[in-house]
Each structure stands twice: as C-alpha cells, then as structure tokens.
Amino acid sequence: SSGDLEREIKKIHAMGEMVPENNATSHLPQALLERLKDYGQENAFARWDELSPEERQLLIQDIESLDLPRIDRIFRCSLFSQALPEATIEPVPESNVSTVERRTMEERERWGKMGLKAISDGKLGVLLLSGGQGTRLGSTDPKGCFNIGLPSGKSLFQLQAERILCLQRLAAHSVNEGSASTRPIHWYIMTSPFTDEPTRKFFESHRYFGLEADQVTFFQQGTIPCVSKDGRLIMETPYRVAKSPDGNGGLYSALKSSRLLEDMAARGIKYLDCYGVDNALVRVADPTFLGYFMDKGVAAAAKVVRKAYPQEKVGVFVRRGKGGPISVVEYSELDSSLASEINQETGRLRFCWSNVLSFSYFPLIFLDNFLFEELMWLNTEVCLHMFTLDFLNQVANGLEKDSIYHLAEKKIPSINGGVEGYKLEQFIFDAFPYAPSTALFEVLREEEFAPVKNANGSNFDTPDSARLLVLRLHARWVVAAGGFLTHSVPLYATGVEVSPLCSYAGENLEAICRGRTFHAPCEISF
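Definitions and cut-offs
Every chain's residues receive numbers from 1 upward, in the order its sequence appears when written. Owing to the predicted nature of the model, reporting of local features is limited to residues with pLDDT of at least 70; listing and counting of side-chain atom pairs is limited to 80 or more, with chain, interface and lining totals taken over all residues. Neither water nor hydrogens contribute to the side-chain values; these are computed over all heavy atoms in the structure. Here the axes come from fitting lines to C-alpha atoms, over the contacting stretch only for helices, and the angles between their N-to-C directions go from 0 to 180 degrees. In DSSP terms, a helix is any run of H or I states spanning at least four residues, a strand is any run of E spanning at least two, and both are numbered starting from the N terminus. Roughly parallel means an angle under 35 degrees; roughly antiparallel, over 145; roughly perpendicular, 65 to 115; everything else is oblique. By the convention used here, residues are in contact when the closest approach between their heavy atoms is within 4.5 Å. When residue character is reported, Ala, Val, Leu, Ile, Met, Phe, Trp, Tyr, Cys and Pro are called nonpolar, Asp, Glu, Lys and Arg charged, and the others, Gly included, polar. Each residue after the first adds 1.5 Å to the expected span of a helix. Each residue is placed in one exposure class: buried if its accessible area under a 1.4 Å probe, protein chains only, is under 20% of its type's maximum, exposed if it is over 50%, and partly exposed if it falls in between. Cysteine sulfur atoms are paired as a disulfide whenever they come within 2.5 Å of each other. Each residue gets a pLDDT score, which is the predictor's confidence in that residue and runs from 0 to 100. The criterion for strand pairing is that DSSP finds at least two bridges linking the strands in question.

1. Thoughts on the packing of helix H5 (residues 105-120) against helix H6 (residues 156-176)
With their axes 8 Å apart at the nearest point, H5 and H6 run at an angle of 105 degrees to one another. Compared by their axis directions, H5 and H6 come out roughly perpendicular. Along its contact with H5, which presents Leu116, Lys117, Ile119 and Ser120, the element H6 presents Leu167, Leu170, Ala171, Ser174 and Val175. Broken down by class, the residue content of the contact of H5 with H6 amounts to six nonpolar, two polar and one charged.

Here it is, written out as structure tokens:
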C-alpha cells in the first residue's frame, strides 16, 4: 500500500540510506541480476524501469535479504517429495498410549510428583505459538490479547501466565514447602511479524501478569517467499516480493536461527512444553504429562483425545511402515475403509490418533454427555506437545537439511492481481517422523480443550463456546470441593470461573469453597 511505501521510505531516510537519482540505483544492479538469473528469478526486476529511486532501493534491499539457494532448494525438494510414494501405514501400538481408563491413581500421583520436581529444578521450558492475529474473531490484535468474556475479563495471555504462576507455587511446595531455590519457569513466546510488537507492548502494559520480565523471551517465526507453480518469485508490488509466514513448524528453524536452543541449554532446560495460544483450557506445563513423558523416556509426546466417528475430517497419528516412526496423515490421505476398521481386541477404531483444527462438530450439550467407549483419539492442532531439548536440536537440523515444506496452493495477491501459486509451510507435527520414540497421552476434551478461533455467531470454536466450557469445568471443580451454586439461568448455560492463581486443575479448593454458596456466573479468587 502507499502507506507501507511511505513508512519504508521514511526508514531509509532515517538510516541515511537515501540514494540520489543519478546514483547506482538508476542503473540495473548487474551482480544482483546475475544472482537472480542463476536461480531463474530475474523476473523480480521486470519493472525496474518503472520504479522511483526510493522504490529501487527497497527492491534491492528486499532481494538481498533473500537466501536464494535455500529458497530454490526448498521448492525443488518439496516438489520432488510430493511425487514420492508414501510408506504403508499401521496403527499406533497400544503400548505407545496412556489412556484415561488404564491410567491408575498411583501413576497419576507418581507422574505429577516427577513433573513438579523437574519444574522446581528448572528443567522445563514452556513454548507458546502466538503468531496469529484475531482476524476471524473480529480483532486485529494478537489472539492472546483476546478477552473471551469470562467474569474476570482476563485475556488468554493472562490466563496462561497465571497458570504458570500457580504451577511455580505448586512446584515449590511439592519439593520442600516453598524453597527459595525453586527456579522460575521460562516462557518462550513465538510471534510473527504481524504480532511481535503488539504482543510485547501488551505484556509490558500488564507488567507481565505478575511474572518477572526476564523469565519471558519473545522471538519471531520466519517468512518465506510465495512462488508460482513453476517456482518463480511472486511480486506483491513492483519493489517487494510476496511472502507469508512459514507455518507453525517454522518454530524449529526460528529456535535455531535465534540461538534459543543454546539459551535453553544454558538455563538447564531439558524439556519443552509446546502449545498454541487459542485454547482457553490449556494446561500450560502440565506436570502429570511431563512426568509421564520423563517416565517413558521418549523424545516426543502429544496429548490426544478420543475421535468421535470414523469419517471425522481430522488427521490421524499412524506408524509409517513396519516398526517405522509415528507421524500424522491428513484425513484426505486415509482411505475410508481404513478409517472405519475396528480393532477386534479393543473394539475401537484401528486408526485412532488424530490432528484436528477443532472438536466442535458437536453441540455443547453433547460434549458433556458423549459416550467415551464410542470414541477414539485426536491430537489437537492447537498443539499440546512435549519434546526433549536434544530432540529439538535434531529436528531443527533435520528439517533444514531435508528442506521439505508443504505446498499450499493459494491465490496470491500480486502486481498482476491474484495469481495461482504456492505458500510454503511447515507444521508442528512435521517433527514426529524424526523422533526415535513417541508417546501419546489421552486427556478429556471437556477438561483441556476450549478453542477460540471464530467470532461469536459462528457455529463452533467461538469465545462464547470457550467461555462456557471454562465455566462448566470450574463449576464441577467447585461442587467437588464442597461448594454450592445458585444460578438464574439453567446451569448448563452458565457456571463459575476459578482464578488460575487459586487452582491449576481443581486442586486446593476445599478451603475456599467448602460450605460456601456462589451465584453463577462469578469469579472465585483469593
């Protein structure tokens, strides 16, 4: 836009980089042109003669910022990989999964203690994927700034920060009744070029929600040029290449390029809890999940919930080849007959582990009453994963070496209008095929998944539906702790909010709730 151009020109003036019209920018830079020709990208200079000196300088800077050999390698490798036959798929072995019905109280307690000890020792880092704007929510702010309408009015960022604060307190008390030697949980937040500055300002204006400023690290995911079907750079304007974010799987290259993997190692971090911002019920740094992960001794793990029916449009976790790695295949890649096959021993679908955008294909009233024995497992795309730091190093190197991205066919805005081309993306689950060992951990969707993706009025994944899921879960916590609720509307349509500073997952509420009556909706805090 003209506004963008004006801002870019002001930057050049401010840096003292303005070049007079009779300078070299009045002539086509031959060395740069030859570099472009080496990779068949000379079309980037097609409108050079039409550009002003300022625009020519911007174009030169944009082209010089590109790693042309890498872009060429990524496109060629990605295109080639699409033509390769896929290995046969097998179900994920039952031994790789901890299911709710098989999980004993002794295991939950043991894993919880293991996790809290590791947290108190500073061995767990938390990694938040927060590159998205709230466009579909009707907001231009980062999604984490969004207030879903809880009685407290807290944003998603604040809910997650306060869960970290609560968990730090639980970890300290679990070890030796609050030792000062307990180390804080470090929070790494991956933003995008669109959300980085407003996210930082939001945290600063809210004083990091009670966290120390030096325990939060922001970093940006990368962008990658959009290309035409024949691999040529698409020009967004005559002086700027069209680019798009490199997907949530860009996390791995961003960690490597920003040297944050070294930062984690220097802090003594051994494990990374990775999750997406748009989940109002996410259990950040879940100590039980961490303890399970450590106990299994695996490189990667994912939380899963049961799949609803065979033809649900979700990707599934599978094993690639006999004894091969666990990975994710999209629902469109799974034959309908395979999707419907039943494991005769368990009575469940053979291909049960999935990766989905949402679970809200069902009315909210059904979410409270679905039959667990009729469902299978899903992995939420909002990302509920755990990795070892050693494995993240391996993945960052492996993905860069293989240079395979997903080619998403899109209509790309360009100087010639919308043109058919590719956005190149990597996904968070692209890491799993590199893992020598992977474990899955079943959770209940109504306890850990309240997606916030679409504006109120949509059929699913709205702030209203997420708020109701939070209120209903917390109401169950209060009743279990001996509290009572009064309400002016049916209870299934309301509930209470328990501050994360009071309880992480429903624990330690008896002193606050027993014998007391709360009128829904309200917030329960200290």
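On we go.
2. Considerations on H5
Look at H5: 22 Å from first C-alpha to last across 16 residues, which is about the 22 Å you get at 1.5 Å a residue. Turning to H5, its buried residues are Trp111, Gly112, Gly115, Leu116, Ala118, Ile119 and Ser120. Next to the buried residues of H5 lie strand E2 (97-98), strand E3 (124-129), H6, helix H10 (287-296) and strand E20 (438-442). Remark: glycine 122 follows H5 within two positions and exhibits a positive phi of approximately 75 degrees.

3. Focus: unusual backbone geometry
Note the cis peptide between alanine 520 and proline 521, where omega equals -5 degrees. Summarising the element assignment, proline 521 is placed in the loop between strand E23 (517-520) and strand E24 (523-524). The backbone of tyrosine 208 shows a phi angle near 60 degrees, a positive value even though the residue is not glycine. Among the secondary structure elements, tyrosine 208 is positioned in the loop between helix H7 (196-205) and strand E5 (216-220). A positive phi angle, close to 55 degrees, is found at phenylalanine 209, a residue other than glycine. With respect to the helices and strands, the residue phenylalanine 209 is situated in the loop between H7 and E5. Looking at phenylalanine 209, the relative accessible area reads 8%, which means it is buried.

4. Overview of the state of the cysteines
Overall, the coordinates contain zero disulfides when judged by the stated rule. In this structure cysteine 522 is not part of a disulfide, and its nearest cysteine sulfur, from cysteine 513, lies 9.4 Å away. In this structure cysteine 522 comes out as buried when scored by relative accessible area, which is 18%.

5. Topic: the confidence of the model for the protein
On average, residues of the protein score 86 in pLDDT, and 89% of them reach the 70 mark or higher. Within the model, the stretch residues 12-24 combines pLDDT values under 50 with 16 contacts to residues more than four positions away or in other chains. Low confidence marks residues 356-381, where pLDDT is under 50. Its contacts with residues over four positions away, or in another chain, come to 91 contacts.

6. So, the sheet that holds strand E19 (residues 417-425)
Taken in spatial order, the three strands of this open sheet run E7-E19-E18, and their pairing is antiparallel. Single-partner strands in this sheet number two, and they are strand E7 (227-228) and strand E18 (406-414). Alignment of E18 against E19, held across nine bridges, turns out to be antiparallel. From the neighbouring strand, glutamate 409 faces E19, where its bridge partner is tyrosine 422. Across the sheet, helix H4 (residues 68-82) lies against E7, E18 and E19, angled at about 85 degrees from E19, the strand it touches most.

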